[in-house]
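For reference, the chains in residue letters:
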Amino acid sequence: MENETVDRYELEAEFYDKIYDYKEDIPLYLEYSKNVKGAVLECGCGTGRILLPLAREGIKVVGIDTSKKMLAVARRKIAEESEEVRSRIKLVEADMRNFELEERFSLCIIAFSTFLHLLTVEDQERTLRCIHKHLLPDGKVIISVFNPDLSRPQNLVRLDKIKHVDNEIIMRFTMQKFDFPNQLMDVWHIYDFVKLDGTVKRHVVYFKLRYIFYNEMIELLKRTGYEIEAVYGDHKKTPFNEKSPLMVFVARRKK
Ligand SMILES: C[S@@+](CC[C@H](N)C(=O)[O-])C[C@H]1O[C@@H](n2cnc3c(N)ncnc32)[C@H](O)[C@@H]1O
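1. Describing the overall build of the protein chain
Reasoning step 1: Within the protein chain, the regular secondary structure consists of eight helices and 11 strands.
Reasoning step 2: In terms of overall dimensions, the protein chain is globule-like: its C-alpha atoms have a radius of gyration of 18 Å, near the 18 Å expected for 255 residues.
Reasoning step 3: On the principal axes, the C-alpha backbone points of the protein chain span a range of 60 × 50 × 35 Å.
Reasoning step 4: Within the protein chain, the fraction of its 255 residues that count as buried is 34%.

In structure tokens:
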């Protein structure tokens, strides 16, 4: 990838799992994966936060990601699994905007706001068309992104995560700034790793996201060859409304 988000994951890879230990989305992906023929494709699979639990439940998975370091962490974790689980997982270093796999899939997922790393409409369309090419005729795509809240404070550093792991307290401070005309967000994450003896190690990452609105995503999916099956406002399948924290789009490839 040509944008700043590469550096973000190259740096975050080693501690990503300590901070992003979110599990609430996994049952939804499991439910949609259960009756799938063949493998499930995950674009932007990262360290395997979702892929691994799916493979442990007997589902074959293919994960693609651009970050060598995130994939290296995933590979390290997969190496500790049983032979059976390992045999169900395939990882490929590839860009979701332009990839070529021989396999065709009944389900593709883009989880955890990964879609927002696509910073232009052109990149969003390329990605959805590329996935379309890899889906079987009735194949589905599930895209989970946050529902943008433009009233969120800007230029304000706030502490938004605290984790106590391995004798360390990890604090994440976030600052964000909207670039409204371009529909982009500048985001800074400041991570402080505080040891019990008081020493602190700080890591700072900066990246951009392109937030997307409900109707915009619906139109984007329709013009790239999908029909909408459902839109949820969270991972428990609550119907979407304007106050929902998330937008979870389930769309079917049109024949
Ligand atoms: C928010 S993380 C999500 C990781 C994992 N899916 C999860 O839910 O924990 C986003 C991931 O997408 C990857 N990524 C960003 N842009 C990408 C692209 N164009 N193609 C493939 N992967 C991409 C990043 O390297 C990172 O691993």
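That covers the picture; the talk isn't over yet.
2. Regarding the domain arrangement of the protein chain
Many descriptions give the size of an interface as the accessible area lost when the pieces come together.
Reasoning step 1: Looking at the assigned domains, one finds that the protein chain contains domain 1 (5-147 + 212-253) and domain 2 (158-210).
Reasoning step 2: Taken over C-alpha atoms, the centre of domain 1 sits 23 Å from the centre of domain 2.
Reasoning step 3: Taken together, the contact between domain 1 and domain 2 spans 12 residues of the former and 12 residues of the latter.
Reasoning step 4: If one sorts the elements of the side of domain 1 that touches domain 2 by residue count, helix 1 (residues 5-12) sits on top with five residues.
Reasoning step 5: Taken together, the residues of the side of domain 1 that touches domain 2 break down into six nonpolar, two polar and four charged.

3. Quick notes on the environment of E81
Reasoning step 1: With respect to the helices, strands and loops of the structure, E81 is situated in the loop between helix 5 (68-79) and helix 6 (83-86).
Reasoning step 2: Its 16 C-beta neighbours within 10 Å are what place E81 among the partly exposed residues.
Reasoning step 3: Between the C-alpha atoms of E81 and F180, which are 99 residues apart in sequence, the distance is 45 Å.

4. Quick look at helix 3 (residues 26-33)
Reasoning step 1: For helix 3, the set of buried residues is L28, Y29 and S33. Buried residues along helix 3 cover an arc of 130° about the axis, so they all sit on one side.
Reasoning step 2: The inward-facing, buried residues of helix 3 contact strand 1 (40-43), helix 4 (51-56) and strand 4 (105-110).

5. A look at the site of the ligand
Reasoning step 1: Taken together, 22 residues lie around the ligand, and G44, G46, R49, S67 and F112 are the ones closest in.
Reasoning step 2: Those elements giving two or more residues to the shell around the ligand turn out to be helix 1 and strand 2 (61-65).
Reasoning step 3: In terms of residue class, the shell around the ligand is built from 11 nonpolar, seven polar and four charged.

6. Notes on the environment of Y32
Reasoning step 1: Along the chain, the position of Y32 falls in helix 3.
Reasoning step 2: Considered as a pair, Y32 and C108 are 76 residues apart in the sequence and their alpha carbons are 10.0 Å apart.
Reasoning step 3: Excluding residues within four positions of it along the chain, Y32 makes contact with L107 and I142.

7. Quick word on the pairing of strand 7 (residues 168-179)
Reasoning step 1: Both strand 6 (residues 158-165) and strand 7 contribute to a ladder of seven bridges, which runs antiparallel. Residue V165 lies in a different strand from strand 7, and its bridge partner there is E168.
Reasoning step 2: Joining the antiparallel neighbours strand 6 and strand 7 is a turn of two residues, in which D166 adopts a positive phi near 50°.
Reasoning step 3: As paired strands, strand 7 and strand 8 (residues 184-195) are joined by 12 bridges and run antiparallel to one another. Paired with D179 across the strands is L184, a residue of strand 8.
Reasoning step 4: Hairpin connection between strand 7 and strand 8: a loop of four residues separates the two successive antiparallel strands, and Q183 in this loop has a positive phi of roughly 55°.

Analysis parameters
Residues numbered from 1 in each chain as written. Predicted model: local features only at pLDDT ≥ 70, side-chain atom pairs only at ≥ 80, totals over all residues. Helix = DSSP H or I, 4+ residues; strand = E, 2+ residues; numbered from the N terminus. Rg over C-alpha atoms; globule rule 2.2 N^0.38 Å. Buried ≥ 20, exposed ≤ 12 C-beta atoms within 10 Å, placed from the backbone. Domains from an automatic or database assignment. Contact = placed C-beta atoms within 7 Å. Nonpolar A, V, L, I, M, F, W, Y, C, P; charged D, E, K, R; others polar. Arc of directions from axis to C-beta. Near = placed C-beta within 6 Å. Pairing = 2+ DSSP bridges.

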